[in-house]
Amino acid sequence: MKEKTALCLFAAVSFVIPAIFIVILVHVIYQTIPAATGLGMLLFDTSGVWRPLGQTPSFSILPVISATMYVAFLAVAIAAPIGGMAAIFLNYYAGRRLTKLVLAFVDLLAGVPSVIYGFIGLVVVVRNLERIFNMSAGESILAAALVLSVMLLPYIISTYSESIEKAKNKYDTASRALGVSAEYSVLKVIIPITKRGAAAAVISAFGRASSETIAVMMVIGNAPIFPRLLGRGQTISGLTALEIGSAEIGSVHASAIYAANLMLMLTLSVILLITYFLRRKLLSEYDKI
Amino acid sequence: MKRNVKKISVILCAVAMAAVIAGCAGQTQSGAPATTPPPMVTTEAPQEIVVENPTIEATQILFDGSSTLAPVIATIAAELEEQSAQPIEVYVSSGGSGQGISAIINQTANFGMLARDLRESEREQIPYLQEYLIGIDALTVAINPENPLAAMREGLTTEEIVRIFSGQYATWQDFDPALPDEEIVVVVRDIGGGAHEVFQTNIMGDVDVRADAIQAPSMGALINRVIENRNAIGYASFGVSYQNQQYLAFMEVDGVAPNVENILNGTYIIQRPLILISSGQPSEAEQYFLDAIFGDMGQGIIEEIGFIPMS
């Protein structure tokens, strides 16, 4: 009897997690209904703007979706080469002690609260962009992408390091036996063999980038307009954090915010699926000889 | 193939387990009942006179709503706890005026904190609505003291403010040829929020704020941008403004200076009420707390935090 109770408990807690996800998803979909029925494709009106409380209300979520994607792409584009090079250096060239030390700092970097990144972004990145580009206000897509790229480094370095380490364990002895240089084995063996691992690292970083809220909000200017590199913009999560508290419950306004988040959740789910399959493929690839 | 079979059997096992839980737990505790989303609008007919919310213990008072009012209530509660022997537990959570209203509609709090008037559609959703005006928040129009405008003009007219905030004047030079040819950086709070609504109704009217205005996530952030950027113009709440008055230049509005006297007599137009709402008559504990808010101590704290008290 005791075992049975314990088993029930264990099973119950394991099912809580999928249940929570389903509750959230159903809630978001349900809340999207008024916007979907009331606005339909107007939600994605390319000439529309986000002006929920204006004299002529307009609820296009396209500007925030495109700004979210723009910022995330740009941040990943900045962080991926840096993180990739760091991961290769740490696993192939640096001494074990140095690697350990640097990786410890990478973990620390991941533990810094995002509001701190936002604050540093505001006083360092935004101000310097104002100076360098002679902008009247430095809040911009570029500022957000720069701040985000630093936040992504730990993800990229640790995920990519993992695949390099696996590849190295497998092929390092062979490379050494053949007498090729470290450069040769990095360029001809490690990089080609870990390209799926690199893709997984980049994609999961993209997921992280597109859902970051506060750090981006502090430096992007939060103007729901179509994004330009040195112009202001607003991300989906930023829009939500700013407006969901004051949007009238059950209104089209609140519902349209949910619609934007549904799009984000769908995008992230697709990203997670891709990462999952890449990783699975990756693991089976290492099993082959 | 074999692995797939194994996987399927694991899944089947899991499903079976779920059934077992449902059986042995007596009541289902899986996700099924929770998937029904919470009602968005409570349209149930009100019961007889609701004296107090039965789901909340009498000595516990829950506040939810405007982040502008949250520190006020929290401070008054802390002060009251020190002063009196009456055991009242006050819990304050904040997430905007809208959340304060939904908390009253969904009966998850005793009082909703609002930094704006109720909309008619919201009023209809709350049975036996009680409103308590506990103070006034006013917004100042502030610019950076380094902006030459600060030395040139004492204030702006409503029409000028509208033109600046709507983007009709793109640069300061457009506004006055003597000013530098630099973009006017308009900083506002979130367009959907209570503070902006005050500004929109009292100043902008039908005109929208320029689409590329910077929306600051908090009053502190807004003030910070104006202090740091000499091209910036923004509005800030009275309290925060005066805490930072040495770093800012305030503009009169239509010749009326933003001071307590002008705000209370209504000649200074950019202001909003701070309101507590509840449903039904207050319980004994709630009344006790309301008395404290309207007493010397409560009103003193409202003033200390930077708002204009009612007495």
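Residues numbered from 1 in each chain as written. Chains lettered and ligands numbered in written order. Predicted model: local features only at pLDDT ≥ 70, side-chain atom pairs only at ≥ 80, totals over all residues. Heavy atoms only, no water.

### Here's the deal with the overall build of chain A
Alright, step 1. Per the secondary structure count, chain A includes 10 helices and two strands.
Alright, step 2. For chain A, the α and β elements follow one another from N to C terminus as α-β-β-α-α-α-α-α-α-α-α-α.
Alright, step 3. With the principal axes as the frame, chain A shows a C-alpha extent of 75 × 70 × 30 Å.
Alright, step 4. Here chain A, with 289 residues, has 46% of them falling under the buried criterion.
Alright, step 5. In chain A, of all internal contacts separated by at least 6 residues, the share reaching a separation of at least 24 is 74%.
Alright, step 6. Put simply, chain A shows about 14,400 Å² of open surface, and 71% of that area lies on carbon and sulfur atoms.
Alright, step 7. Positive and negative charge centroids in chain A, built from 22 and 14 side chains respectively, lie 7 Å apart. (Helix = DSSP H or I, 4+ residues; strand = E, 2+ residues; numbered from the N terminus. Buried < 20%, exposed > 50% of the residue type's maximum accessible area, 1.4 Å probe, protein only. Contact = heavy atoms within 4.5 Å. Areas by Shrake-Rupley, 256 points an atom, 1.4 Å probe, with all protein chains shown as cover. Lys, Arg positive; Asp, Glu negative; His and termini not counted. Charge placed at Lys NZ, Arg CZ, Asp CG, Glu CD.)

### Some points on the overall build of chain B
Alright, step 1. Along the backbone of chain B there are 13 helices and 11 strands.
Alright, step 2. Every one of the 311 residues in chain B was classed for burial, and the buried ones make up 47%.
Alright, step 3. In chain B, once contacts between residues fewer than 6 apart in sequence are set aside, the share between residues at least 24 apart is 74%.
Alright, step 4. Carbon together with sulfur atoms contributes 53% to the accessible area of chain B, which is approximately 14,500 Å² in total.

### Overview of the domain arrangement of chain B
Residues and elements named next belong to chain B.
Alright, step 1. Under the domain assignment, chain B is made up of domain 1 (9–137 + 275–309) and domain 2 (138–264).
Alright, step 2. Between domain 1 and domain 2, roughly 800 Å² of surface is buried when both sides are summed, and carbon and sulfur atoms account for 57% of that area.
Alright, step 3. When residues of domain 1 are sorted by the area they lose upon contact with domain 2, D137, G306 and I308 head the list and together hold 53% of the total.
Alright, step 4. A salt bridge links E197 to R116, with the shortest nitrogen-to-oxygen separation between them at 3.9 Å.
Alright, step 5. Within the residue set of the side of domain 1 that touches domain 2, elements represented by two or more residues are β4 (129–143) and β11 (308–309). (Domains from an automatic or database assignment. Buried area = accessible area lost by both parts, 1.4 Å probe. Salt bridge = Lys/Arg side-chain N within 4 Å of Asp/Glu carboxyl O.)

### Concerning the side chain of E139 of chain A
Alright, step 1. Take E139 of chain A: it is sitting in the loop between α4 (114–133) and α5 (141–178).
Alright, step 2. At 2.5 Å, the side chain of E139 of chain A forms a polar contact with the side chain of R225 of chain B.
Alright, step 3. Contacts of E139 of chain A, omitting those with residues within four sequence positions, involve L122, V126, V219, I220, G221, G231 and R232 of chain A together with I214 and R225 of chain B. (Polar contact = N/O pair within 3.5 Å; in protein donor to acceptor, adjacent residues only side chain to side chain.)

### Notes on the interface of chain A and chain B
Alright, step 1. The partner chain B presents 47 residues to the 42 residues of chain A that form the contact.
Alright, step 2. Looking at the side of chain A facing chain B, the largest losses of area belong to S136, E248 and I249 of chain A, adding up to 17% of the total buried there.
Alright, step 3. For the pair chain A and chain B, the interface holds six salt bridges.
Alright, step 4. Here D208 of chain B makes a salt bridge to R51 of chain A, at a shortest N to O gap of 3.1 Å.
Alright, step 5. Along the contact surface separating chain A from chain B lie 10 residue pairs in polar contact (both at pLDDT 80 or more).
Alright, step 6. Mapped by element, the contributors of at least two residues to the side of chain A that touches chain B are α1 (2–38), α4, α9 (236–243) and α10 (252–287) of chain A.
Alright, step 7. Considering each element in turn, the side of chain A that touches chain B owes the most residues, 13 residues, to α1 of chain A.

### Re the packing of aromatic side chains
All names here are of chain B.
Alright, step 1. If you walk through the whole model with that rule in mind, you get 14 aromatic pairs over all chains.
Alright, step 2. Considering the side-chain rings of F63 and F289, the 5.3 Å spacing of their centres and the 55° angle between planes classify their relative orientation as tilted. Pair noted here: F63 is in strand β1 (residues 60–65) and F289 is in helix α12 (residues 284–294), with a separation of 226 residues, a long-range link.
Alright, step 3. On the basis of relative accessibility, which here comes to 1%, the residue F63 falls in the buried class.
Alright, step 4. Residue F289 is classed as buried on the basis of its relative accessible area, which comes to 0%.
Alright, step 5. Clustering of aromatic rings is evident, with ring pairs tying together F63, F111, Y132 and F289. (Phe/Tyr/Trp six-rings, centres within 6.5 Å; stacked < 30°, edge-to-face > 60°.)

### A few points about the nonpolar core
All names here are of chain B.
Alright, step 1. By size, the foremost hydrophobic cluster in this structure holds 50 residues, and its most contacted members are I164, F165, F199, I233, Y235 and I270.
Alright, step 2. When residues of this core are assigned to their parent elements, the largest contribution, six residues, is made by β4.
Alright, step 3. Sequence-distant contacts of F199, defined by excluding residues within four places in its chain, comprise L139, V141, I161, F165, M204, Y235 and I270. (Core = buried A, V, L, I, M, F, W, Y, C linked by side-chain atoms within 4.5 Å.)

### Here's the deal with the environment of I141 of chain A
Residue and element names in this part refer to chain A.
Alright, step 1. With respect to the element layout, I141 can be found in helix α5.
Alright, step 2. Relative accessible area serves as the criterion here: at 0%, I141 is assigned to the buried category.
Alright, step 3. Excluding anything up to four places from it in sequence, I141 contacts A67, Y70, V71, L74, I220, P227, R228, L229, G231 and G233.

### Some points on the environment of L9 of chain A
Residue and element names in this part refer to chain A.
Alright, step 1. Its place among the elements puts L9 in helix α1.
Alright, step 2. Exposure remark for L9: the relative accessible area of 54% places this residue in the exposed category.
Alright, step 3. Taking the C-alpha atoms as reference points, L9 and P57, separated by 48 residues in sequence, lie 50 Å from one another.

### Comments concerning the environment of F165 of chain B
Residue and element names in this part refer to chain B.
Alright, step 1. When you line up the elements, F165 lands in helix α6 (residues 158–166).
Alright, step 2. Sequence-wise, F165 and A213 are 48 residues apart; in three dimensions their C-alpha atoms are separated by 8.0 Å.
Alright, step 3. Not counting residues within four places of it along the chain, the set of residues in contact with F165 comprises V186, V187, V188, F199, M204, V209, R210, I233, G234 and Y235.

### What about helix α7 (residues 195–211) of chain A?
Alright, step 1. Taking 1.5 Å per residue as the helical rise, α7 of chain A with its 17 residues ought to reach 24 Å, and the 25 Å between its terminal C-alpha atoms agrees with that figure.
Alright, step 2. Those residues of α7 of chain A that fall on the buried side of the exposure criterion are G197, A200, A201, A205, F206, G207, A209 and S210 of chain A. (Expected span 1.5 Å × (residues − 1).)

### Notes on a negative patch on the surface
Residues and elements named next belong to chain B.
Alright, step 1. Together, E79, E81, E82, E89, E303 and E304 make up a region of like negative charge exposed at the surface.
Alright, step 2. Within the residue set of the negative patch, elements represented by two or more residues are α2 (70–83) and α13 (296–305).
Alright, step 3. Locating E89 in the fold gives a position in strand β2 (residues 89–94).
Alright, step 4. We classify E89 as partly exposed; its relative accessible area is 38%. (Patch = residues over 30% accessible without salt bridge, like charges linked within 9 Å, V, L, I, M, F, W, Y side chains within 5 Å.)

### Focus on α5 of chain A
Alright, step 1. With 38 residues, α5 of chain A extends only 48 Å from end C-alpha to end C-alpha; this falls clearly short of the ideal 56 Å at 1.5 Å per step.
Alright, step 2. In the stretch just after α5 of chain A, G179 of chain A is the one whose phi turns positive, near 75°.

### Quick notes on the pairing of β4 of chain B
Residue and element names in this part refer to chain B.
Alright, step 1. Most of β4 sits out of view: 11 of its 15 residues are buried.
Alright, step 2. Pairing geometry for β4 and strand β10 (residues 271–279), over nine bridges, is antiparallel. Residue pairing for β10: G135 is matched across the bridge by L274.
Alright, step 3. In this sheet, β11 lies alongside β4 in antiparallel orientation, the contact comprising two bridges. Bridging from a neighbouring strand, I136 pairs with I308 of β11.
Alright, step 4. Pairing geometry for β4 and strand β8 (residues 232–237), over five bridges, is antiparallel. The partner of T140 across the bridge, within β8, is A236. (Pairing = 2+ DSSP bridges.)

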